[in-house]
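Fold and contact review
Below are the chains, spelled out letter by letter.
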Amino acid sequence: MIQTFFRNDHAWDPFREWGTYFANPARRSPANQPATVAPRYEVEENDDGFLLSLDIPGVRKEDITLETKGKTLTVSAKRKVTKNGEASEVAYHANFEVPELVTFDGVEASYQDGVLNVALPKVKEATSRTIKVGDGKGDFLGKLVQGFKRDDAKKEASV
């Protein structure tokens, strides 16, 4: 199932990243822009979920950001680097498209010894149940039906 866990970095170029480690810092990026590196990562799966492990050495836990939008998980972090008395910044950034069977509810992350671990739980299997048919005066159903009736009345009044 690992093949369904995609990295979504369309501009990712591993040869460019390799060059950032050896290139002149002035050529890496403009002086006010941090060098951006896509972190190495591994994905493991079991019955309960996925474990995403990313190598982002030298950052502080407070400088790591995890964000979700739709089925995309974005990981970013920054660290300061001083080389030959010159200070610069390195930014780590990666987007991951997660499979449909992953839920972002209950996601947990930890950072230790330069490794960010993100636990992504799987959606629990759908359970079947019987739904009782009532008279339509339940709290949620009643509010929902009344809301649609008001919307229809507004549309008819504006025509």
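Computed from a predicted model, the values in this text were never measured in an experiment.

1. Brief notes about the overall build of the protein
- Looking only at helices and strands, one finds three helices and nine strands in the protein.
- Order of helices (α) and strands (β) in the protein, N terminus to C terminus: β-α-α-β-β-β-β-β-β-β-β-α.
- Restricting to contacts in the protein with at least 6 residues of sequence separation, those with at least 24 account for 53%.
- Just so you have it, the protein exposes about 12,100 Å², and 52% of that area is on carbon and sulfur atoms.

2. Here's the deal with the pairing of strand 3 (residues 41–45)
- Of the pairings in the sheet, the one linking strand 3 to strand 4 (residues 49–55) comprises five bridges and is antiparallel in character. Within the sheet, the bridge partner assigned to glutamate 45 lies in strand 4 and is phenylalanine 50.
- Hairpin remark: strand 3 followed by strand 4, antiparallel, with three residues in the connecting loop.

3. A word on the packing of aromatic side chains
- Following the criterion strictly, the structure yields one aromatic pair and no others.
- With a centroid separation of 4.8 Å and an interplanar angle of 80°, the aromatic rings of tyrosine 41 and phenylalanine 96 are classed as edge-to-face. Taken together, the residues span a long stretch of sequence, with tyrosine 41 in strand 3 and phenylalanine 96 in strand 7 (residues 86–97) at a distance of 55 residues.
- The exposure class of tyrosine 41 is partly exposed, given its relative accessible area of 29%.
- For phenylalanine 96, a relative accessible area of 0% corresponds to the buried category.
- One residue, lysine 71, lies across the ring of phenylalanine 104, its end atom 5.7 Å from the ring centre.
- The ring of phenylalanine 50 carries lysine 122 above its face, with NZ or CZ at 5.6 Å from the centroid.

Rules of the game
Residues numbered from 1 in each chain as written. Predicted model: local features only at pLDDT ≥ 70, side-chain atom pairs only at ≥ 80, totals over all residues. Heavy atoms only, no water. Helix = DSSP H or I, 4+ residues; strand = E, 2+ residues; numbered from the N terminus. Contact = heavy atoms within 4.5 Å. Areas by Shrake-Rupley, 256 points an atom, 1.4 Å probe, with all protein chains shown as cover. Pairing = 2+ DSSP bridges. Phe/Tyr/Trp six-rings, centres within 6.5 Å; stacked < 30°, edge-to-face > 60°. Buried < 20%, exposed > 50% of the residue type's maximum accessible area, 1.4 Å probe, protein only. Lys NZ or Arg CZ within 6 Å of the ring centre and 35° of its normal.

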